[in-house]
Every structure is written in structure tokens, then in C-alpha cells.
Amino acid sequence: MIEHAGKAKQRAILRRLEKYSRFTDNSIGLPFTRYKIGVEAVIGLIPGIGDLIGLAMSSYVLLEAHRAGANRKVKRRIIMNIAIDFFGGLVPVIGDAFDAVYKSNTRNTRILSEYLHEQLSEDVPKPAFRWKLVLGLSVLFAGVVGGVTYFLTI
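Residues numbered from 1 in each chain as written. Predicted model: local features only at pLDDT ≥ 70, side-chain atom pairs only at ≥ 80, totals over all residues. Heavy atoms only, no water.

Draft legend 1. Region of the structure containing the packing of aromatic side chains. The final tally for this structure, using the stated rule, is 3 aromatic pairs. Ring plane angle 15° and centroid distance 5.1 Å describe the contact between Phe 98 and Tyr 102, whose orientation is recorded as stacked. Note that Phe 98 and Tyr 102 are positioned in helix α5 (residues 94-102) at a spacing of 4 residues, about one turn of the helix. Classification of Phe 98 by relative accessible area gives partly exposed; the value is 27%. In this structure Tyr 102 comes out as buried when scored by relative accessible area, which is 11%. Geometry around Tyr 102 places Arg 107 over its ring, the cationic atom sitting 4.0 Å from the centre. (Phe/Tyr/Trp six-rings, centres within 6.5 Å; stacked < 30°, edge-to-face > 60°. Helix = DSSP H or I, 4+ residues; strand = E, 2+ residues; numbered from the N terminus. Buried < 20%, exposed > 50% of the residue type's maximum accessible area, 1.4 Å probe, protein only. Lys NZ or Arg CZ within 6 Å of the ring centre and 35° of its normal.)

As C-alpha cells, then:
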């Protein structure tokens, strides 16, 4: 039952992150193109604090990865993507285009999703049948029944 609750928690985290990354990276369609940018790229246009706000927004995926119990390797990859997005966005003019193209939240959601799907697909192996225990209990039961029968017939 606990394992089922853990899987439900992980699935809920994935659903939240998929919505979040769509909002931050792909929510605004560019006119006359099939390309989409997100709210984070628009916020990144604000001089000075836009990239800091984007950094804070990207940190949400790391927080969810921690809540989901992701290992250090997964968290390091997420932090690396956040750092690339942040420092790439700091470059004047080119950084704003970089923010729109790099889409670190989508990348990080995919990394966490792959990790969690790996975790969800791993079925806990059933414990081996305890033949020795059953055999031992059977012998004990036979001894008790045999002993009781012997004493009743005396």
C-alpha cells in the first residue's frame, strides 16, 4: 500500500511538472510560426532581474526532483541545465534568444520523468516461497498431532 502511494505521488509530481514546463517554456505561440516560447523567456527580457526570476522559476523543478526522491546524479544534471540557462541568459541580446530556445524546464522535466518512469517500472520482486519454513512447520504439526494422538490412545 505504501509503495502504491509512492507511485501515485511520483505520477502527481510528473503531471505538475509537465504543466509547469509547458507554461514556462512553451505557452506562447509566435505569430505565423509553429514555434512557441514560454513565460520564462518573456520574463527574461526584464533587464537586471529577469534572469534572477527565471533562475527562481527553474529551481522549482529541482525542488520537485528532491521531493520525488531523485538521486544525486539526476539532481546534478538538473542543476547543470539550470546553470546553463541562467548564464546563457545573462549574455546581452543573445541571451534572450538563448532563453527562448534552451527551455531548461522542459529538459529538466524530461530528465526527472525518465528517472521516475525507470523507478515506476521496477516491480519489487516477490519474495521466494519459503519451502523450508513450510516443511518445518509441517513436521512440527505432524509431531504435535502424532504426540496428541499417541497420548489419547494410551
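Draft legend 2. Up close: the confidence of the model for the chain. Overall, the prediction assigns the chain a mean pLDDT of 83, with 92% of residues at 70 or greater. When pLDDT is averaged over each helix and strand of the chain, the minimum, 75, is found for helix α7 (residues 131-153) and the maximum, 92, for helix α4 (residues 72-90). (pLDDT = per-residue confidence, 0-100.)

Draft legend 3. Quick peek at the packing of helix α3 (residues 50-67) against α4. Relative orientation of the contacting elements α3 and α4 amounts to 175°, with a least axis distance of 10 Å. The angle between α3 and α4 places the two elements in the roughly antiparallel class. Counted together, Asp 51, Leu 52, Leu 55, Ser 58, Ser 59, Leu 62, Ala 65 and His 66 of α3 and Lys 75, Ile 78, Ile 79, Ile 82, Asp 85, Phe 86, Gly 89 and Leu 90 of α4 form the full contact between these two elements. Classifying every residue of the contact of α3 with α4 by side-chain character gives 9 nonpolar, 4 polar and 3 charged. (Axes fitted to C-alpha atoms, helices over the stretch in contact; angles between N-to-C directions. Parallel < 35°, antiparallel > 145°, perpendicular 65-115°, else oblique. Contact = heavy atoms within 4.5 Å. Nonpolar A, V, L, I, M, F, W, Y, C, P; charged D, E, K, R; others polar.)

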